[in-house]
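Here's the letter readout for the chains.
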Amino acid sequence: PQRIETKAMPFADHPLVVIAPPAHPLATARRVPLASLADETFLVREQGSGTRSSMERLFAERGFIPKIGNVMSSNETIKQAVMAGMGVSLLSLHTLGLELRSDVIAILDVMGTPVTRTWHVVHMRTKSLSPPALEYRKFMLDNAAEFLEREFASYVAVRKSAKKSNRGKR
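Residues numbered from 1 in each chain as written. Predicted model: local features only at pLDDT ≥ 70, side-chain atom pairs only at ≥ 80, totals over all residues. Heavy atoms only, no water.

Peer 1: Teacher, can you tell me more about the overall build of the chain here?
Peer 2: In terms of regular secondary structure, the chain is built from four helices and six strands. Written out in order from the N terminus, the α and β elements of the chain read β-β-α-β-α-β-α-β-β-α. Computed over its C-alpha atoms, the radius of gyration of the chain comes to 17 Å, within 12% of the 15 Å expected for a compact globule of 170 residues. In terms of overall dimensions, the chain has a C-alpha envelope of 50 × 35 × 30 Å along the principal axes. The proportion of buried residues among the 170 residues of the chain is 45%. (Helix = DSSP H or I, 4+ residues; strand = E, 2+ residues; numbered from the N terminus. Rg over C-alpha atoms; globule rule 2.2 N^0.38 Å. Buried < 20%, exposed > 50% of the residue type's maximum accessible area, 1.4 Å probe, protein only.)

See below:
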């Protein structure tokens, strides 16, 4: 939040990917133009969410106007709706581990994705952190990026040299 004085330390890339049911016609296609999703119903997060802002920025940059089906305030609800065939969505790769391992959701290889944001450890600038909080922050900064890369690298190649969307935003 810009109006609150915080201290934010980046610790890992945060890729957002387009998801669909595994039987979706584009599930096995490569380098799908965003325009190919013009007839798809998009299931989206609520206004003000970081995921929604990233999606809107991506679409605006490419002049794409999505067909919005439902607005939902939960990643879990969106995942369930995608699995039920109600539409496609742009969600955090890091929320999809179980669904990807179970093959109940597919990542679409849409050009311009993944949209990469950055995860941060954030705390109030004026707050003195307790020893456990300091250890947690250190643990996250030292280990989280490597863990996330190892866990999710097989699902999508996060292009480190690609333009970082929302880099540095919290």
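Peer 1: It is not clear to me how the environment of Leu134 should be interpreted in this structure. Could you clarify?
Peer 2: Mapped onto the secondary structure, Leu134 falls in helix H4 (residues 131-152). Classification of Leu134 by relative accessible area gives partly exposed; the value is 36%.

Peer 1: So what exactly am I meant to see when it comes to the side chain of Ser92 here?
Peer 2: Looking at where Ser92 falls in the secondary structure, it is placed in strand S4 (residues 89-92). Overall, Ser92 belongs to the buried group, its relative accessible area being 4%. At 2.9 Å, the side chain of Ser92 and the side chain of His14 are in polar contact. Apart from residues no more than four positions distant in its own chain, Ser92 is found in contact with His14, Pro15, Leu16 and Trp119. (Polar contact = N/O pair within 3.5 Å; in protein donor to acceptor, adjacent residues only side chain to side chain. Contact = heavy atoms within 4.5 Å.)

Peer 1: So what exactly am I meant to see when it comes to the nonpolar core here?
Peer 2: Counting residues in hydrophobic clusters, the biggest one holds 21 residues, and the most contacted among them are Val17, Ile19 and Leu93. Broken down by secondary-structure element, the contributors of at least two residues to this core are strand S1 (6-20), helix H2 (75-83) and H4. Discounting residues that sit within four places of it in the chain, Ile19 has contacts with Val82, Val88, Ser89, Leu91, Leu96, Ile105, Ala106 and Ile107. Counting residues in hydrophobic clusters, the runner-up holds 20 residues, among them Val18, Phe59, Leu90 and Leu108. (Core = buried A, V, L, I, M, F, W, Y, C linked by side-chain atoms within 4.5 Å.)

Peer 1: Looking at this model, I keep getting lost on the confidence of the model for the chain. Mind explaining?
Peer 2: Any region with low pLDDT has predicted coordinates that should not be read closely. Here the chain averages 90 in pLDDT, while 91% of its residues score no lower than 70. Counted against residues more than four places away or in other chains, residues 158-170, with its pLDDT under 50, gives 29 contacts. (pLDDT = per-residue confidence, 0-100.)

Peer 1: Explain the packing of aromatic side chains here, please?
Peer 2: Here the distance between the centres and the angle between the planes together describe a pair of aromatic rings. According to the stated counting rule, one finds four aromatic pairs in the structure shown. Ring centres of Phe42 and Phe59 lie 5.3 Å apart, and the angle between their planes is 75°; this geometry places the pair in the edge-to-face category. Taken as a pair, Phe42 in strand S2 (residues 41-45) and Phe59 in helix H1 (residues 50-61) lie far apart in primary sequence, 17 residues in all. With a relative accessible area of 1%, Phe42 lands in the buried category. The class for Phe59 is buried, based on a relative accessible area of 5%. With a centroid separation of 6.0 Å and an interplanar angle of 70°, the aromatic rings of Phe42 and Phe64 are classed as edge-to-face. Within this pair, whereas Phe42 is found in strand S2, its partner Phe64 is found in the loop between H1 and strand S3 (67-72), the two being separated by 22 residues in sequence. Side by side, Phe42 and Phe64 carry an identical accessibility label, which is buried. (Phe/Tyr/Trp six-rings, centres within 6.5 Å; stacked < 30°, edge-to-face > 60°.)

Peer 1: Help me out: how do you make sense of the pattern of salt bridges in this one?
Peer 2: Close approach of charged atoms allows side chains of opposite charge to pair. Applying the stated criterion to the full structure yields seven salt bridges. The residue Lys79 makes a salt bridge to Glu76 at a minimum N-O spacing of 2.7 Å. Highlighted residues: Lys79 and Glu76, both in helix H2, separated by three residues, approximately one helical turn. A salt bridge links Arg150 to Glu146; its shortest N-O distance comes to 3.6 Å. Pair noted here: Arg150 and Glu146 are both in helix H4, with a separation of four residues, about one helical turn. Glu146 carries the same exposure label as Arg150, and that label is exposed. If you follow the salt bridges from partner to partner, you end up with Glu76, Lys79 and Glu99 in one network. (Salt bridge = Lys/Arg side-chain N within 4 Å of Asp/Glu carboxyl O.)

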